[in-house]
Amino acid sequence: METKTNKDNINVAIQCLACYNMGKLTFYWKSYTKNTTLEEIENSLDVETIHTKAKVPYLCNGDEYMIADNENIKVEEYATAKDIYKFVELLQDVDDTDYINAYTQINHVEYLDRESSSWTEFKDNVLVFNWLDDALDYVEEYLMEIYDYASIQDSFFSDWISWDSLKEYALENYFWCVEIDLGYKDEKTFNTSRYFVWDRD
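Below is a summary of the structure that appears in this document. (Residues numbered from 1 in each chain as written. Predicted model: local features only at pLDDT ≥ 70, side-chain atom pairs only at ≥ 80, totals over all residues. Heavy atoms only, no water.)

1. A look at the sheet that holds strand β2 (residues 27–32)
Ordered by their spatial adjacency, three strands build an open sheet running β2-β1-β3, and the pairing between neighbours is antiparallel. Bordering the open sheet on either side are β2 and β3 (65–71), each of which pairs with just one other strand. Pairwise comparison of adjacent strand axes, ignoring direction, gives a mean angle of 30° for this sheet. Pairing of strand β1 (residues 10–16) with β2 involves six bridges; the strand directions are antiparallel. Residue pairing for β2: Val12 is matched across the bridge by Lys30. Sheet strands touched by helix α4 (residues 81–94): β1, β2 and β3. Its angle to β1, the strand with the most contacts, is close to 170°. (Pairing = 2+ DSSP bridges. Helix = DSSP H or I, 4+ residues; strand = E, 2+ residues; numbered from the N terminus. Axes fitted to C-alpha atoms, helices over the stretch in contact; angles between N-to-C directions. Contact = heavy atoms within 4.5 Å.)

See below:
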């Protein structure tokens, strides 16, 4: 069983590109938190810093880096310091990288903006469920409130309606629903993923 990992930080393996092109692996792991500054990120990406942290003499004369690996959030190979800082800013609002992963499955990383209306609506309204059935139960409550769902269920033609299909349709068309793999099995709920649900409007 995989163990639970800390999801309030962004971990990346920063590698010297010149060394990589020469067949050498010169890299180190760096962790960014919600308190990390842009300047700190820029310093962490400096090639001389990479060699110092990796305890490898700086003899390649390289000046470029690449993100060789990542944990908690997918960071592109050639992400800039500003690209990474966008994730840091979002982490100041949610304190859990799974929220950011859910959001970025719908909203492209290139357009991440902490001040955008789409991010504000997401962080203020997103609901998290341990099981898909729980999310569907929420949709049923939504239908009952908005569309007088209960009256329809009591009507004479209710036997011809697939209520499960109706809830699934509503979840797919009126909400964003993103499944995020936990990376471990929760000891209390035994689930291995979470479902992030928020209104499409």
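2. Section: the sheet that holds strand β4 (residues 127–129)
As summarised here, the arrangement of the three strands in space is β4-β6-β5, forming an open sheet in which the pairing is antiparallel. Each having just a single partner strand, β4 and β5 (175–181) make up the two edges of the open sheet. The average angle at which neighbouring strand axes cross in this sheet is 25°, direction not considered. Pairing analysis gives seven bridges linking β5 to strand β6 (residues 193–199), with the strands arranged antiparallel. Bridged to Cys177 within β6 is Val197. Contacts from helix α9 (residues 163–174) reach β5 and β6, with the element oriented near 95° to β5.

3. Some words on the layout of surface pockets
Put simply, the largest pocket is a space of about 230 Å³. Residue lining of the largest pocket: 14 residues in total, with Lys74, Val75, Glu76, Phe87 and Val109 positioned closest to the centre. Elements supplying a minimum of two residues to the lining of the largest pocket: α4 and α5 (97–106). When residues of the lining of the largest pocket are assigned to their parent elements, the largest contribution, three residues, is made by α4. Residue composition of the lining of the largest pocket, grouped by class: six nonpolar, three polar and five charged. Within this model, the second largest pocket holds a volume of roughly 190 Å³. Taken together, 10 residues line the second largest pocket, and the ones lying closest to its centre are Lys7, Asn72, Asp181, Leu182 and Gly183. Every element with two or more residues in the lining of the second largest pocket is listed here: α5 and β5. Along the lines of polarity and charge, the residues of the lining of the second largest pocket split into two nonpolar, four polar and four charged. (1 Å grid on protein atoms, 1.4 Å probe; cavity = no way out; pocket = protein on both sides within 12 Å on 5 of 7 lines; lining within 4 Å. Points joined across faces, edges and corners; volume = space filled by probe spheres on them. Nonpolar A, V, L, I, M, F, W, Y, C, P; charged D, E, K, R; others polar.)

4. Some details on a negative patch on the surface
Where like charges cluster on the molecular surface, the negative patch consists of Asp133, Asp134, Asp137, Glu141 and Glu145. Along the chain, Glu141 falls in helix α7 (residues 132–147). (Patch = residues over 30% accessible without salt bridge, like charges linked within 9 Å, V, L, I, M, F, W, Y side chains within 5 Å. Areas by Shrake-Rupley, 256 points an atom, 1.4 Å probe, with all protein chains shown as cover. Salt bridge = Lys/Arg side-chain N within 4 Å of Asp/Glu carboxyl O. Lys, Arg positive; Asp, Glu negative; His and termini not counted. Charge placed at Lys NZ, Arg CZ, Asp CG, Glu CD.)

5. Re α9
With 12 residues, α9 ought to run about 16 Å at 1.5 Å a step, and its terminal C-alpha atoms sit 16 Å apart, in line with that. Three or more residues of α9 are buried, namely Trp163, Lys167, Ala170 and Leu171. Looking down the long axis of α9, one finds its buried residues gathered within 100° of arc, a one-sided arrangement. (Expected span 1.5 Å × (residues − 1). Buried < 20%, exposed > 50% of the residue type's maximum accessible area, 1.4 Å probe, protein only. Arc of directions from axis to C-beta.)

6. Topic: the packing of aromatic side chains
Tallied over the entire structure, the rule returns eight aromatic pairs. Arranged with centres 4.9 Å apart and planes meeting at 80°, the rings of Tyr103 and Trp119 form a pair that is edge-to-face. In this pair, Tyr103 is assigned in helix α5 and Trp119 in helix α6 (residues 117–125), connecting sequence segments 16 residues apart. Accessibility classification places Tyr103 together with Trp119 in one group, the buried group. The interplanar angle of 70° and the centroid separation of 5.8 Å between the aromatic rings of Tyr138 and Phe175 together place this pair among those described as edge-to-face. Of the two residues, Tyr138 is situated in helix α7 and Phe175 in strand β5; the sequence distance between them amounts to 37 residues. Taking relative accessible area as the criterion, Tyr138 reaches 26% and is therefore assigned partly exposed. In this structure Phe175 comes out as buried when scored by relative accessible area, which is 3%. Here a set of aromatic residues connected by ring pairs shows up, and it is made of Tyr103, Trp119, Phe122 and Trp198. Of note, Arg200 hangs over the ring of Trp176, and the distance from its end group to the ring centre comes to 3.8 Å. (Phe/Tyr/Trp six-rings, centres within 6.5 Å; stacked < 30°, edge-to-face > 60°. Lys NZ or Arg CZ within 6 Å of the ring centre and 35° of its normal.)

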